[in-house]
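Chain by chain, the residues:
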Amino acid sequence: MLDISKLLEEIKQTPFDKVEIVSPWCGRVSFADIKEEDPVAGPSGNWLEVPGTLLANVEREHNPKPVRAPEKGRIEIIHNELEGQFIEAGTPLLTLKHFLTKQEVIQIILKQALHLFNAPERAKYYFVPEVDVKIRAAGHRSVRIANGMDLFIMSRMKREAILPYSGPEGLIYSVYFSHNENVGAGEPLIGVCPEELMPIVEDVVARVQAEWEEQE
Amino acid sequence: MEKHKVLIANRGEIAMRITRACQKLGLDFVCVYTAEDSHSRHVHLARELGGGLYRVSSYHDANELMAVADASFATAVHPGYGFFAEDFRFARRVTQRERGLIFIGPSWRVIRELGDKINTKRLARSLGVPTVPGSDKPIYDEMEAEHVAQSLYDFQLSSGISQPTIMVKASAGGGGMGIEEVQDIGMFRSVYRRIRNYALRNFKDEGVLIEQRIRDFNHLEVQIVSDRSGKNPVHFGTRNCSIQSTGHQKRVEVAPGFAPAEINYSFDAAGVLAEITEHSLALARKVRYDNVGTWEWIVTRDGRPFLMEVNTRIQVENGVSGIIAGIREQEGVDIIAEQIRVGLGEPLGYTQADVSLSGVGIEYRIIAEDPAAGFAPWVGRIEKFAWKQESWLEMYTQVPVNEPYDIPTEFDPNLALGIVWGKDMEEAKMRGVAFLDSLVLEGADSSGNPLKSNISFLRAKTADILKF
Amino acid sequence: MIDVEKKLHRLNDRLAYIKDIFAGKQNEAVRMLQVRLDDFQARVAEMSAQERLSAISAMEELFTFMEQKLDEQLSPMDKVRIVRHPQRICLRDILENVYDNYTEIGGQDDKSIDPSMLIARAYITRRRGKALHNQPVMVIGQETGHGDEFRNGGSVKPWGNAKALQYMKVAEIENIPVHTFVFTPGSYPIEDYPGAAQQIARNLYEMAGLKVPIVAVFSEGGSGGAEAIGLADRRLMLSHGYYSVISPEGAAAIEGRLRDGTRAAPELIERCALQLKMTAQDNLRHGLIDQVVEEPPLGAKPYHYEFFQSLRNELMRATDEVVLTTRSFALLRGAISQPHRPKSLENYNAENFVTRWSLSTKARDRLVVLRQKKFRNLSNGRWIDPRTSFDLMLTKIQATSTDLLNLFRHDLWGRRKKQLGYAVEEMDAGARMLLHRIFNPFFSFTRELFGTKPRAKIAEELTTLSSWEEDGSKNGTWSYISSKAKEDRAVTCPNAAKYGCLDLWAPDLFGEFAGVCTHCGYHFPMGYKWFMYNVFDPGSIREFNQEIEATNPLNWDGFDAKLEQAKQKTGLKSGCITFEASINNTRMCVALLAASFRGGSVGVAEGEKFLSAIERAQRKRLPVLAYVHGTAGIRIQEGTNGVIQMPRCTIGVRRYIDAGGLYLVVYDTNSYAGPVASFLGCSPYQFAIRSTNLGFAGRGVIKETTGLDIPPDYHDAEKALSRGHIQGIWDRRDIRANLQQALVTMGGRNLYYK
């Protein structure tokens, strides 16, 4: 049985995430008008149509490409020494302190409760088209999966293979991978919620909603 | 030579070969790598030799490469093979941007002209170079299509082919889309209409190509080098690349293309080799080809060659031609170095008469894959990789030999290229087997299963090389 | 005492109403009324009954007098407040008081598919001698219901307009006139199945050919919502109403460049209301309505029974006039259609004069022709055309001779030729079949067709270079290259985050790729010249009517300068370019709306050019392509003159399609509002270039009027396709091929190449 109180207490010890913002590409850096301790916002709006706070532009090939805050938080470190420099892809630009939201805390706890289906090898993963269509239409929690069902396309070495799901029947409650990114062997791809786990999941959601206070 | 700095826009063993060639020519160079590749030996080599080194987000992003070129003051770009090697737009951008660079490869117009298969076929025909029988233009008219199909059918029957086959494909298609074979001529019209409608829906072009489908053939190549004048191409002989995986991927390449001295062929093999090199050179002169390139041919069992396409890049297997070739007194040719030299504008400096070919070269592509399971790639960690050094062996690999190596999942699965040389075919085969026997390649995947490789496949195939 | 109380209460009401109308503006008369009323109320207790009565009637007289005085001071914005006041008469008041009997058929109260659209079958009883005649009509109009929330202020949803259309068709079948009543601030701007624009366009298209008399009465005529039921043979307007291209608040938001629902200053709104020339008197002066129906001072309220009587009379008369003009008694028709009625009709009392409202078949056809003529002439002359009358006469003569030529070529000779052709084809097919039957057992079909050839000949055909006529194979090069392709820079695709598109090099993107992301297919906007010079046969473009110039018919403040600026910037004289051009030698007539000229907005000049292009195509039997490089809607600075282009151009389209043409619409970049809700949206063949947005109102307006947040892809072409608004999505690089395909597969019978 899941000890929600204990998990919550543990998370409360460090109720934030340090998010390192790295430049996704090469280019010349100019930081936006920001300073340390400034609050920043992630994408917002009903459809996340409002972009996050502008942190820097990394200009490449006369194209001032913006780097924006992926999440809400506070700026902890700015590598101001990079201002005006040409940097390589992957160079750290700044660090954000991001306080965990209720949703994130729920996700962390649920990772302990849900049935996790892990990546068998390092590869890029995609849902098979039929499932992808369903997810796009109604969200992943509308998709019920069962043992042996063809669920993923595993893509590596320029080859693709179908990966069937194995595990208990249930709804896809969480998705842990994103489009076009490699997942290491053994890392979870999805969290599945079988019928009998539903009460526990609901309990976690209720407890976190009630007990977690989001910090700015 | 003017002092140049070459951006090596590639990875793995080819990046290493280009790096070494630059070093040999006394040129500055700059390498790139991605996070996935940070343990690749091409990165170590760049550090070792003191060249520039930049991490980029992707080898596929021309913008990253151009940004690095500018930041490092590079004056030329070598694309290697794959990635941007045959992308005429990349070559065009490199040369036409405000801060222009030299593209080490053919000029973009040549790449574009020969990148279009229909265009290549027509160029070839205009010179009398043999091509696969059939149409050399998109056909839009049903009567004309039926006429060509019937002719092809009769032609094959009269050539003694018992089961004539016609290939119908959308001329605007590619990558195996919109292709069907017809064996029963009575079915042609319905297949033609199906392909035509498919082409119209998908490519907005009703044009259809109709060709003979050739089944039983050997895959040959002619290695060409020419300088920027485009007037004096030379060849470095032929290669036979017929030993392939089930997915038609090359696994063993042999130079020269046939061995008439040691094997009996049902046709005049020496004559065929001479014919395809002459035709290749003629076409190179016609388009004023101005860098290295490979002319791909198929040769049927009855000894008829057909030009398939031209690869306007350095190829993986260039080394196997290099190992049998010589220029004047010098034995062996570094074709990559030659490519860089002429790419930067130096004249070739020798003629065909100065080129000699001797012995037999075999290149093995060593890959972690399972030949028994349709050559499925194997993913995991290499723990041990070793072989015996020999004077007759060249080994190209990005896999480190003194530390474990996780095979990146992003790229082609080639681990190493082993090229052996023998004075004749027998010696080359013997040395080939000896090399494969000396190879140690061990490792395990995440569940502890041992590494799978194609070494035994390569060994078994060695017995059959150049046989037809 | 009770009587006085009641009267006092009424007076207080009247004062409150006056205050509402003048919206807190300091007005001497209002203040005086207030003082007098307060004074009276303070003293009323001390008065004797007699005193009270006389004082109160004095007060009443004062109010009536002052109301008349105030009425003369009404500003356009005050009139807007009058029509929006809950005490304003509504359609149900009219049904009660104007008609003699009625049944609501479009739903009841809030139980209706759209309670803001009211439909009723009603009749008016007239007497001739001792005989009573019940003359049935279909009454259609927006219902505001004195502020009932569920009526949504008369803002009609698409399905409400669809309901209106359904019952217009019923009226057509039953051969009874339609009376429409426009009480709407504008259409409810949502995209649904159908979308607002889509449905209004349908209504306009159908009304353009509806074969029964339509009489419209405008009280509040807000833009597209008004047009949905406003295309009528006689258009009456209540003297205190407004009829405008946009609400004054909307105009102020645009003028003040306000975003995100910031409210405009009242002065700006007031000024816009004035500039829009939206009152009944303005619209009458501009000829956009036929007649004003006078209301009592400060506007009609439900207890103004005399007003209803006069409205009834005017409605009957208007309907009679429409009916009579379609009759073949030339004398009577002439008399009534005169702008100044002869004395005998001036005091025409409709009650004692019975005209049958059902029409004969011929009269119904004439009715439609007359309606179409009427709208063709609306807003005439409100553009600049520097050509002399002699030039124009020449053009007209040319047009007439083309007509004659075409009559011969297509109708007389063309039909014969076609019939002959069919006969030959049939004979040919028959003969082949016969031959086939005879020879089939002995020869395969291919042998029969080709015979046998020597092997060498075959080999030569199959292995040597064939000849090849180069046609249209452009090898990735375009005749016209955008100037954006000259910059050495990379460009990020807006979908990069979603699909991982790599940055594209501008010379590739705007050159060879025609502005299309090679990874995800996103279409970057391109200038209209790209379309003009890459789609049609080279050198085939012949522009016409380029002299026609957009102008400032309402003398809108500062708009002359803005127009001049647009003309300078674009080198165009209006936002519409009309030309003939060919695709694979098939000629077509093209009307292009250029987004670079005032956002591609449509005013009188643009409407006129569009109509001329349609008419030219009809004469010459050419297919028509409306290429919408972008349109922001009707040009608000031209007021109702602009909005009238909606019915006006739709009628042109209707005539053209009825004559058997092919009307194609292709949307590119962004297309919104009036034009989409009329002459563009009514085409049976509408296509959009990928990544286009189209619809009725933009995000801001939707939020403002409905409070709804809309998803980012709400207006995109795929959504429009799912809604059935458009018939397909085209890749920019395939426009030419698709047009060619459209010419072959679509359109009516009367095209020169068919």
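None of the values given here were measured: they were computed from a predicted structure.

A. Examining the interface of chain A and chain B more closely. Taken together, the contacts link 21 residues of chain A with 32 residues of chain B. When chain A packs against chain B, close to 2,000 Å² is buried across both sides, 48% of that on carbon and sulfur atoms. The largest share of the area that chain A buries against chain B comes from Arg-60, Glu-61 and Met-157 of chain A, three residues that together contribute 35% of it. The interface formed by chain A and chain B includes five salt bridges. For Arg-60 of chain A, the salt bridge goes to Glu-64 of chain B, with nearest N and O atoms at 2.7 Å. Applying the counting rule to chain A against chain B returns ten residue pairs in polar contact (both at pLDDT 80 or more).

B. Representation of a nonpolar patch on the surface within the structure. Side chains of Phe-390, Met-393, Leu-394 and Ile-397 of chain C sit close together on the surface and give an oily, nonpolar patch of about 400 Å² of accessible area. Summarising the element assignment, Leu-394 of chain C is placed in helix H16 (residues 389-439).

C. Main features of the domain arrangement of chain B. Residues and elements named next belong to chain B. Partitioning chain B into structural domains gives domain 1 (5-104), domain 2 (133-212) and domain 3 (217-462). Here domain 1 and domain 3 have C-alpha centroids that lie 23 Å from each other. Across the boundary between the two partners, domain 1 contributes 31 residues, which contact 32 residues of domain 3. Together, Arg-17, Arg-41 and Glu-86 form the three largest contributors to the area buried by domain 1 at its contact with domain 3, with a combined 26%. On the surface where domain 1 and domain 3 come into contact, there are two salt bridges. Glu-86 serves as the salt-bridge partner of Arg-313, at 2.4 Å between the closest nitrogen and oxygen. Remark: the boundary between domain 1 and domain 3 carries eight residue pairs in polar contact (both at pLDDT 80 or more). Among the secondary structure elements, those contributing two or more residues to the side of domain 1 that touches domain 3 are helix H1 (12-25), helix H2 (41-48), strand S4 (76-78) and strand S5 (102-103). By residue number, the principal contributor to the side of domain 1 that touches domain 3 is H1, which donates ten residues. Partitioned by chemical class, the residues of the side of domain 1 that touches domain 3 number 15 nonpolar, eight polar and eight charged.

D. Representation of the confidence of the model for chain B. Considering every residue of chain B, the mean pLDDT works out to 94; 99% of them sit at 70 or more. Taken together, the chains of this predicted complex give a pTM of 0.89 and an interface ipTM of 0.91.

What counts and how
Residues numbered from 1 in each chain as written. Chains lettered and ligands numbered in written order. Predicted model: local features only at pLDDT ≥ 70, side-chain atom pairs only at ≥ 80, totals over all residues. Heavy atoms only, no water. Contact = heavy atoms within 4.5 Å. Buried area = accessible area lost by both parts, 1.4 Å probe. Salt bridge = Lys/Arg side-chain N within 4 Å of Asp/Glu carboxyl O. Polar contact = N/O pair within 3.5 Å; in protein donor to acceptor, adjacent residues only side chain to side chain. Patch = residues over 30% accessible without salt bridge, like charges linked within 9 Å, V, L, I, M, F, W, Y side chains within 5 Å. Areas by Shrake-Rupley, 256 points an atom, 1.4 Å probe, with all protein chains shown as cover. Helix = DSSP H or I, 4+ residues; strand = E, 2+ residues; numbered from the N terminus. Domains from an automatic or database assignment. Nonpolar A, V, L, I, M, F, W, Y, C, P; charged D, E, K, R; others polar. pLDDT = per-residue confidence, 0-100.

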